[in-house]
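Descriptive analysis of the structure
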Amino acid sequence: MRAVVQRVDGARVVVAGETVGEIVGEGLCVLVGVTHEDTAEKAAQLARKLWSVRILEGEKSCSDVNAPLLVISQFTLYGDARKGRRPTWNAAAPGEVAEPLVDEVVARLRELGATVETGRFGADMRVSLTNHGPFTIVVDV
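Below you will find a few notes about this structure. (Residues numbered from 1 in each chain as written. Predicted model: local features only at pLDDT ≥ 70, side-chain atom pairs only at ≥ 80, totals over all residues. Heavy atoms only, no water.)

Before going further, it helps to spend a moment on the overall build of the chain. For the chain, the count of helices and strands is three helices and five strands. Traced from its N-terminal end to its C-terminal end, the chain shows the element sequence β-β-α-α-β-α-β-β. Each of the three principal axes of the chain carries a C-alpha extent, and together these read 40 × 35 × 25 Å. Within the chain, the fraction of its 141 residues that count as buried is 40%. The long-range fraction of contacts in the chain, counting pairs at least 24 apart against all pairs at least 6 apart in sequence, stands at 74%. Looking at charge distribution, the chain has the averaged site of its 16 positive side-chain charges lying 6 Å from that of its 19 negative ones. (Helix = DSSP H or I, 4+ residues; strand = E, 2+ residues; numbered from the N terminus. Buried < 20%, exposed > 50% of the residue type's maximum accessible area, 1.4 Å probe, protein only. Contact = heavy atoms within 4.5 Å. Lys, Arg positive; Asp, Glu negative; His and termini not counted. Charge placed at Lys NZ, Arg CZ, Asp CG, Glu CD.)

In this section: the pairing of strand β2 (residues 18-33). Bridge analysis of strand β1 (residues 2-15) against β2 gives 13 bridges, and the strand direction is antiparallel. Each residue of the ladder has a partner; that of valine 8, found in β2, is glycine 27. Hairpin remark: β1 followed by β2, antiparallel, with two residues in the connecting loop; positive phi at alanine 16, about 50°. With five bridges connecting them, β2 and strand β3 (residues 69-73) associate as parallel partners. Along β3, the bridge assignment pairs leucine 28 with leucine 69. (Pairing = 2+ DSSP bridges.)

Moving on, we come to helix α3 (residues 95-111). For α3, with 17 residues, the first-to-last C-alpha span of 24 Å sits near the 24 Å given by 1.5 Å per residue. For α3, the complete set of buried residues consists of Ala98, Leu101, Val102, Val105, Val106 and Leu109. Around the axis of α3, the buried residues are gathered within 145° of arc, so they sit on the same side. Exposed residues pointing more than 90 degrees away from the buried face of α3 are listed as Glu96 and Glu111. Lining the buried residues of α3 we find β2, α1 (40-52), β3 and β4 (116-118). One or two steps after α3, the chain reaches glycine 113, where phi turns positive at roughly 110°. (Expected span 1.5 Å × (residues − 1). Arc of directions from axis to C-beta.)

In the structure shown here, the tally under the stated rule is eight salt bridges. Across the pair arginine 120 and glutamate 18 runs a salt bridge whose closest N-O atoms are separated by 3.9 Å. Highlighted residues: arginine 120 in the loop between β4 and β5 (125-140) and glutamate 18 in strand β2, separated in sequence by 102 residues. By relative accessible area, which is 43% here, glutamate 18 ends up partly exposed. With a closest N to O distance of 4.0 Å, arginine 108 and glutamate 111 form a salt bridge. Note that arginine 108 and glutamate 111 are positioned in helix α3 at a spacing of three residues, about one turn of the helix. For arginine 108, a relative accessible area of 30% gives the class partly exposed. Taking relative accessible area as the criterion, glutamate 111 reaches 63% and is therefore assigned exposed. Because the salt bridges share partners, they merge into one network encompassing Glu104, Arg108 and Glu111. (Salt bridge = Lys/Arg side-chain N within 4 Å of Asp/Glu carboxyl O.)

Here it is in structure tokens:
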């Protein structure tokens, strides 16, 4: 699994004019990609990392300050543009594999005590955020 994690001062996801997920104030906006070898165990590992990574103000984690997370599925994280002009998506898991694993990340975060908002899997989403820093990291598990 791969996650692009951004420290934000608020973020939201809109689908067809409707806000489907939003966090206000300090938190993390997390784009999650799933590849073919990913498992529920990797989803749990990613959730633990997201909850405990110390990238908020003052080197705090979401668990330290009960900061919310906005988790959005994004298969394009496994795009490959090394050849030609069009990326390939061969490394991205198909929706029927990826969706339950993204849901597993969200469920595990909630089990840890996190407040989690989400996008809508497979939808044409508009994501807006205020990146604080800017601060962005890539987490691979």
